[in-house]
Amino acid sequence: MELKEAIYGRRSVRKYTERQISDEDIHEILDAACWAPSAVNLQHWYFVACRSEEALSKLQEIMGGSIFGLTKTLQNRFQNHPQVIEETLDFVKSMGGARTVILAFLQNPHYEESTAAIESTAAAIQNMILTAYSKGIASCWLTAPLLVGEELRETFAPEHGQLVAAVTMGYSDLEPKAPRRKEGRYIIC
């Protein structure tokens, strides 16, 4: 697969089949994440791949606690689209049935340049989702877990830093369409 095809073709998927991702593919996806560029080569990321029934159950339980704050945000953003609100809340509670959810934390609790650490981790997440897509594995990059980030950190990575994002992964059970691109997002000087 050409890189351009992966960049233009990847979509956020919010419903997955029961099919589990192989151990080999998970290792390759996480290894690709770790090859991302990072500020001062600190490689600021720490990933937890939740795959066991126990880990996924605990994750869903914690994510249920994020619904109150998320509901208010969604109601403000999508007040004329109640179906979007309902679908999003259902997805966050169930993780779309994903059999793998990767939590991305900062490696350390304190970085002098926290923005650079978060940017570096975001670059690693991008490597992760593009590599998954190249293998026919769907994903969705979520920020809703930030609402319960401290609880997720305490549960899954207590010796590490803040949660940056969560990524659901699996084999898609639907074909999402590309959202329209907004104009005026860059300038060439």
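Above this text sits the structure in question.
Conventions used here
- Residues numbered from 1 in each chain as written.
- Predicted model: local features only at pLDDT ≥ 70, side-chain atom pairs only at ≥ 80, totals over all residues.
- Heavy atoms only, no water.
- Axes fitted to C-alpha atoms, helices over the stretch in contact; angles between N-to-C directions.
- Helix = DSSP H or I, 4+ residues; strand = E, 2+ residues; numbered from the N terminus.
- Parallel < 35°, antiparallel > 145°, perpendicular 65-115°, else oblique.
- Left-handed = near helix turned anticlockwise from the far one by under 90°.
- Contact = heavy atoms within 4.5 Å.
- Nonpolar A, V, L, I, M, F, W, Y, C, P; charged D, E, K, R; others polar.
- Core = buried A, V, L, I, M, F, W, Y, C linked by side-chain atoms within 4.5 Å.
- Buried < 20%, exposed > 50% of the residue type's maximum accessible area, 1.4 Å probe, protein only.
- Expected span 1.5 Å × (residues − 1).
- Arc of directions from axis to C-beta.

Before going further, it helps to examine the packing of helix α4 (residues 67–77) against helix α5 (residues 82–94). Contact geometry of α4 with α5 gives a least axis separation of 10 Å together with a crossing angle of 155°. Taken together, the axes of α4 and α5 are roughly antiparallel relative to one another. As for the relative orientation of α4 and α5, their crossing is right-handed in sense. Contact with α4, carried on its side by Ile67, Leu70, Thr71, Leu74 and Gln75, involves Ile85, Thr88, Leu89, Val92 and Lys93 of α5 and no other residues of that element. Classifying every residue of the contact of α4 with α5 by side-chain character gives six nonpolar, three polar and one charged.

Core analysis: the largest hydrophobic core is formed by 31 residues, its most contacted members being Leu59, Val92, Val101, Leu103, Leu152 and Phe156. Elements with a contribution of two residues or more to this core: β1 (45–50), α3 (53–64), α4, α5, β2 (100–106), β3 (138–142), α7 (149–156) and β4 (163–170). Considering every element that reaches this core, the biggest residue donor is α3, with five residues. If sequence neighbours within four positions are ignored, Phe156 has contacts with Val48, Cys50, Ala55, Lys58, Leu59, Ile62, Leu103 and Phe105.

What follows is about α3. Compared with the 16 Å implied by 1.5 Å per residue over twelve residues, the 16 Å span of α3 between its first and last C-alpha is a close match. When we look at burial in α3, the residues that qualify are Ala55, Leu56, Leu59, Ile62 and Met63. Buried residues in α3, looked at end-on, bunch into an arc of 125°, giving them a common side. Within α3, the exposed residues directed more than 90 degrees away from the buried face are Glu53, Glu54 and Glu61. In this fold, the buried residues of α3 make contact with β1, α4, α5, β2 and α7.

If you trace the backbone, Gln126 turns up in helix α6 (residues 114–134). Using a relative accessible area of 34% as the deciding quantity, one classes Gln126 as partly exposed. Along the chain, Gln126 and Cys189 lie 63 residues apart, while their C-alpha atoms are 27 Å from each other.

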